[in-house]
Amino acid sequence: MQFTTRGRLMATCLTLALGATALAACGSGDGDDAESGSDGPVSLTYWAWAPGMDKVADIWNTTEGKKTGVTVTVKKQASGDDLVTKIITAAKAKKAPDLVQAEYQALPTLVSNDVLADISSEVGDARGQFAPGVWQQTTLGTDAVYAVPQDSGPMMFYYREDLFKEYGLTVPTTWDEFADAARALKKKDPSKALTTFSSNDAGLFAGLAQQAGARWWTTQGETWKVGIADAATAKVADFWGGLVKEGAIDNQPMYTPSWNKALNTGKQLAWVSAVWAPGTLTTAAPDTKGKWAMAPLPQWNAGEHRTGSWGGSSTGVTNDSGHKKAAARFAAWLNTDSRALAALVKEGGIYPAATAAQTGGALSAAPGFFPNQPDFYAQAAEIAKTTAPSAWGPNVNVAYTAFRDSFASAAKNKSDFGAALGVIQRDTVADLKKQGFEVTG
C-alpha cells in the first residue's frame, strides 16, 4: 500500500507522540460540530461491513438522534484490505465518511495516512468498559484514542468432547500438554489428528504470538522496530513447526472442503480458534452439533491466564468529518449503550468488545451449536478479560501476505518454520523502508 508524503509525516508524528496533545497536533483540526454552534441538523455517514448496522443506527436516529439533531446513515462496504484501500483513497480526495468500521490491525495504517482523528477527549471515559488489552489496540500505545472498540475475538480451545473421552485424552491446560495429547492420539489412531497448522489465515498465528508476549511493531523515538522474529514468536513457530515436522498434527489449510470434512467426520478432534468459532463449525461440521466443547487456550506456563485475539474491529472518526464531536459521541454510544450492544449482537452477530455486554441479554444462552455448554458465554467473558496487548504497525497487509507465502511452503514441505518467520521479518522491514519509514530490527 502506498503512503503519501503527508502519511509519512503523520507516521513520524505518531512515533514522536507521548500523549494525545502531541498526536492531535498532527491531525487536520477538529472541524465544526452542529451541537456546538452550527445551524441545522447534522447528517453523518458511517462506512461499515457488519450485517444489520443500518438497523442499529436506526435506534440512534429515533432516540439520541432526535434529541441532538444528529442522523447517521450507514453505507455497507467490503471488509479487510479493500476497505482500507478505499478509505485511504477517499481521504486523499477529502471525501472520507465521518465514521468507519476498522479492524484493529488496520488502525496504524489509517493513522499513518492521516485518516483517523484523535477522539480521546470525547470517548476517553469509555476506557473502563473494555478489557485493557482490547482498549490498547485503539490507542496504539499512546494517550490518543483513534477508535472505540466494537467487537473482539478472544482465542479459545475447541475440542470434540466425545472423542476426547473415547481416546482418553485430557483437555490441555498448557502447550506442552497440547503436544502430548497430539502425540498420544497419533499413537492410538494414526488416521486422526488433534488439529492442523494452517497457513491461510495469518490472524491465527498472530494471535498465538500475541498470547506468547510478542509485540510485532513498536516504536523507539522516531523509529519503528519490527519484532516479528522475536523470541516469543520464534517459540510459537518452533512449537508448531516441530509438531508438523514429526507428523503429530496435520498441515492442511483451514476453510477448505477437506478441512470441513475432517471436522465433520472427527478426523480432526480440536481447533484453536476464537469466540466466533461456533458459527464456522455450524457450516463446516453440521453433523457434530452438541459434540464440541470450549476451554481456555493452553498456556505457556502452568497457572497463567492469558489469551490472544483473532479478529475484531472498532469505530473510528475520520479527519475529513466536519462534525467530529458528534461522530465521536455516536461511536461511543454504538459500542457502550445497552440498546446498541444488544442490537449489534442480534443484528450483526458480533461478540461485543464491551465487557458488560459479553454475558446476559442476547448472550444469555449458549450458541445453538453448543447446547451441551450452557455457560459458554460466561466462560468466554472470563477468557476475554485476559486478552494480551497487541502491537500492530502500518504494513500489516505486507506481513500477512509474507506469512501466507512463506508458511504455506514450510507447512507443506514440513521445513523450518523459523526460516519462514525470518522471511516475514525481512519483507516487512524492507517494505517499511521502501515507504520512507525509519526502521530498526
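- If you look the protein up in an unreviewed UniProt entry, it shows as Extracellular solute-binding protein from Streptomyces scopuliridis.

## Description of the layout of surface pockets
- Empty space within the largest pocket amounts to approximately 990 Å³.
- The wall of the largest pocket is formed by 45 residues, among which Glu-103, Asp-151, Trp-310, Gly-311 and Gly-312 lie closest to the centre.
- Counting residues per element, the ones that place at least two in the lining of the largest pocket are helix H5 (81–92), strand E3 (99–103), strand E4 (148–160), helix H14 (277–284), strand E9 (309–317), helix H16 (338–348) and helix H18 (396–413).
- Grouping the amino acids of the lining of the largest pocket by side-chain chemistry returns 21 nonpolar, 19 polar and five charged.

## Observations concerning the pairing of strand E7 (residues 270–274)
- Of all five residues in E7, five are buried, a share of seventy percent or more.
- Of the two faces of E7, both are covered, the one formed by Ala-270, Val-272 and Ala-274 as well as the one formed by Trp-271 and Ser-273.
- Pairing of E4 with E7, which is carried by five bridges, proceeds in the antiparallel orientation. Along E7, the bridge assignment pairs Met-156 with Ser-273.

## Overview of the pairing of E4
- Summarising burial for E4: 13 of the 13 residues are buried, a large majority.
- Pairing between E4 and E9: five bridges, direction antiparallel. Bridge pairing in E9 links Asp-151 to Ser-313.

## With respect to the packing of aromatic side chains
- Within this structure, the stated rule accounts for 39 aromatic pairs.
- Ring centres of Phe-178 and Phe-239 lie 6.2 Å apart, and the angle between their planes is 45 degrees; on these two criteria the pair is classed as tilted. Separated by 61 residues along the polypeptide, Phe-178 in helix H10 (residues 175–188) and Phe-239 in helix H12 (residues 231–246) bring together distant segments of the chain. Side by side, Phe-178 and Phe-239 carry an identical accessibility label, which is buried.
- Just above the ring of Trp-47 sits the side chain of Lys-86; from NZ or CZ to the centre is 5.0 Å.
- Taking the ring centre of Trp-300 as reference, the NZ or CZ of Lys-235 above it sits at 4.7 Å.

The rules behind these values
Along every chain, residues carry numbers that run from 1 in the direction the sequence is written. For this predicted model, a pLDDT threshold of at least 70 governs which residues receive local features, and a threshold of 80 or more governs which side-chain atom pairs are given and counted, while totals over whole chains, interfaces and linings are taken from all residues. The side-chain quantities take in all heavy atoms of the structure and omit both hydrogens and water. As defined here, a cavity is a set of points on a 1 Å grid over the protein atoms alone where a 1.4 Å probe fits but cannot get out. A pocket is an open set with protein on both sides within 12 Å along at least five of seven lines, and residues line them when an atom is within 4 Å of a point. Grid points are joined across faces, edges and corners, and a volume is the space filled by probe spheres set on the points. Helix and strand definitions here come from DSSP, where helices need a minimum of 4 consecutive H or I residues and strands a minimum of 2 consecutive E residues; each element is numbered from the N-terminal end. Under the scheme applied here, ten amino acids are nonpolar (Ala, Val, Leu, Ile, Met, Phe, Trp, Tyr, Cys and Pro), four are charged (Asp, Glu, Lys and Arg), and all others, including Gly, are polar. Classification of residues uses two cut-offs on accessible area relative to the type maximum, computed with a 1.4 Å probe and protein chains only: under 20% is buried, over 50% is exposed, and between them is partly exposed. When DSSP finds two or more bridges between a pair of strands, those strands are recorded as paired. Here a pair means two rings of Phe, Tyr or Trp (six-membered ring of Trp) with centres within 6.5 Å. Their orientation is stacked below 30 degrees between planes, edge-to-face above 60, and tilted elsewhere. Working rule: Lys NZ or Arg CZ, within 6 Å of ring centre, within 35 degrees of ring normal, means a charge sits over the ring.

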